[in-house]
Amino acid sequence: MKKTKDTDFSREHIAYLKKERQKKVIVHVCRCLILIVILGFWELFAGLKIIDPFITSSPSRVIKTIGDLYGNGTLFFHIGVTLMETLVGFLVAVLAGYAIAVVLWSSDAVRKVLEPYIVVLNSLPKIALGPLIIIWIGTGYDAIIFMTVIVSIIVCIMNMLSGFIAVDKTKLLLMKSMGANRLTTLTKLIIPASLPALMNTLKVAVGLAWIGSIMGEYIVSKAGLGYLIVYGGQVFKLDLVMTATFILCALAGGMYGIISLIEKRVVKQY
């Protein structure tokens, strides 16, 4: 494929593109500066005892705790456990949610029958199911993954179904007038047209998957970042709590960033 050169555009277009690039750089710089300022004030206030470092910890103490966890060989073990639970639960929730949304879109009768139940399940406090999940599934990784799935899947279903339904009605009529069946309409129109909805669903599901895995680790776990938070709170090692929370934020942000990069590449093609 031939690459586009700047000489292929007018001066005004080149100036516009340059301005857009500058805006992106400014946005990224501002994000970094905000983070640096927050961490700087946090460290400063803790050092001056304006806030109690025993309760709030501080960036330097977080870094020291990360070093201690790395030194005793448990840092990547706990990160790996939580990351595995989150990724598996995320993938299962998205794939199953997408498939169920397709079924609901394909049949108005099925959608009208099941929609109230989906809404009720979405409003149900998932943490209340914790004791039942332990009885049903046990106390291993499966229980935590199951918690991750049930926290995420309903939102995946509802978001994708909304994306399917929001497809341009004129295009649907055109497909119907050309004799396209449901499967052809789905593959040729609905799925490509709903890619932005899929990307938004993935972004939402990322946060919910992390919430679900940590909730599961709160209830039953012997390893993972959620386990470190619970253990640190029980023995008043609040540096450990803040360290695990900081790592969670970094991992969630990284996962969100990966999906944003995928979105830029995928949506552009359509």
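For the structure itself, look to the data block above.
These lines cover the structure that appears in this document, whether it is placed above or below. (Residues numbered from 1 in each chain as written. Predicted model: local features only at pLDDT ≥ 70, side-chain atom pairs only at ≥ 80, totals over all residues. Heavy atoms only, no water.)

1. Description of the packing of aromatic side chains
Then, number 1: All chains considered together, the criterion is met by four aromatic pairs.
Then, number 2: Ring geometry for F41 versus F45: centroids 5.6 Å apart, planes at 45°, classification tilted. Linking F41 with F45, this pair stays in helix 1 (residues 11-47), spanning four residues, or about one helical turn.
Then, number 3: In this structure F41 comes out as partly exposed when scored by relative accessible area, which is 43%.
Then, number 4: Note on Y98 and F164: the rings are 5.5 Å apart at their centroids and 90° apart in plane angle, and the pair reads as edge-to-face. Here Y98, found in helix 4 (residues 75-106), pairs with F164, found in helix 7 (residues 141-165); they are 66 residues apart in sequence, far enough to count as distant. (Phe/Tyr/Trp six-rings, centres within 6.5 Å; stacked < 30°, edge-to-face > 60°. Helix = DSSP H or I, 4+ residues; strand = E, 2+ residues; numbered from the N terminus. Buried < 20%, exposed > 50% of the residue type's maximum accessible area, 1.4 Å probe, protein only.)

2. Re the nonpolar core
Then, number 1: Counting 46 residues, the largest nonpolar core has F90, F164, L198, L202 and L225 as its most contacted members.
Then, number 2: With 10 residues, the single largest contributor to this core is helix 4.
Then, number 3: If we ignore the near neighbours within four places in the chain, the residues touching L225 are H78, I79, T82, E217, A244, I247, L248 and L251.
Then, number 4: Grouped together as the second largest cluster of nonpolar side chains are nine residues, I133, V155, L208 and M215 included. (Core = buried A, V, L, I, M, F, W, Y, C linked by side-chain atoms within 4.5 Å. Contact = heavy atoms within 4.5 Å.)

3. Some remarks on unusual backbone geometry
Then, number 1: Although it is not a glycine, S57 adopts a positive phi angle of roughly 60°.
Then, number 2: Its place among the elements puts S57 in the loop between helix 2 (53-56) and helix 3 (59-71).
Then, number 3: With a phi angle near 60°, F236 is a residue other than glycine that sits in the positive phi range.
Then, number 4: Turning to its location among the elements, F236 is positioned in the loop between helix 11 (225-234) and helix 12 (238-268).

4. A word on the packing of helix 5 (residues 108-123) against helix 7
Describing two packed helices takes the angle between their axes plus the distance from one axis to the other.
Then, number 1: Running from N to C, helix 5 and helix 7 point in directions that differ by 140°, and their axes come no closer than 10 Å. One finds that helix 5 runs oblique with respect to helix 7. In terms of crossing hand, the pair formed by helix 5 and helix 7 is left-handed. For the pair helix 5 and helix 7, the contacting residues are R111, I118, V119, L121 and N122 in the first and I154, V155, I157, M158, L161 and I165 in the second.
Then, number 2: Looking at the contact of helix 5 with helix 7, its residues break down into nine nonpolar, one polar and one charged. (Axes fitted to C-alpha atoms, helices over the stretch in contact; angles between N-to-C directions. Parallel < 35°, antiparallel > 145°, perpendicular 65-115°, else oblique. Left-handed = near helix turned anticlockwise from the far one by under 90°. Nonpolar A, V, L, I, M, F, W, Y, C, P; charged D, E, K, R; others polar.)

5. Observations regarding a positive patch on the surface
Then, number 1: Together, R21, K24, R31 and K264 make up a positively charged patch on the protein surface.
Then, number 2: If you tally residues by element for the positive patch, the top one is helix 1, at three residues.
Then, number 3: Topologically, R21 is positioned in helix 1.
Then, number 4: Given a relative accessible area of 48%, R21 falls into the partly exposed group. (Patch = residues over 30% accessible without salt bridge, like charges linked within 9 Å, V, L, I, M, F, W, Y side chains within 5 Å. Areas by Shrake-Rupley, 256 points an atom, 1.4 Å probe, with all protein chains shown as cover. Salt bridge = Lys/Arg side-chain N within 4 Å of Asp/Glu carboxyl O. Lys, Arg positive; Asp, Glu negative; His and termini not counted. Charge placed at Lys NZ, Arg CZ, Asp CG, Glu CD.)

6. Section: the environment of S106
Then, number 1: Relative to the assigned elements, S106 resides in helix 4.
Then, number 2: With 55 residues separating them along the chain, S106 and L161 place their C-alpha atoms 10 Å apart.

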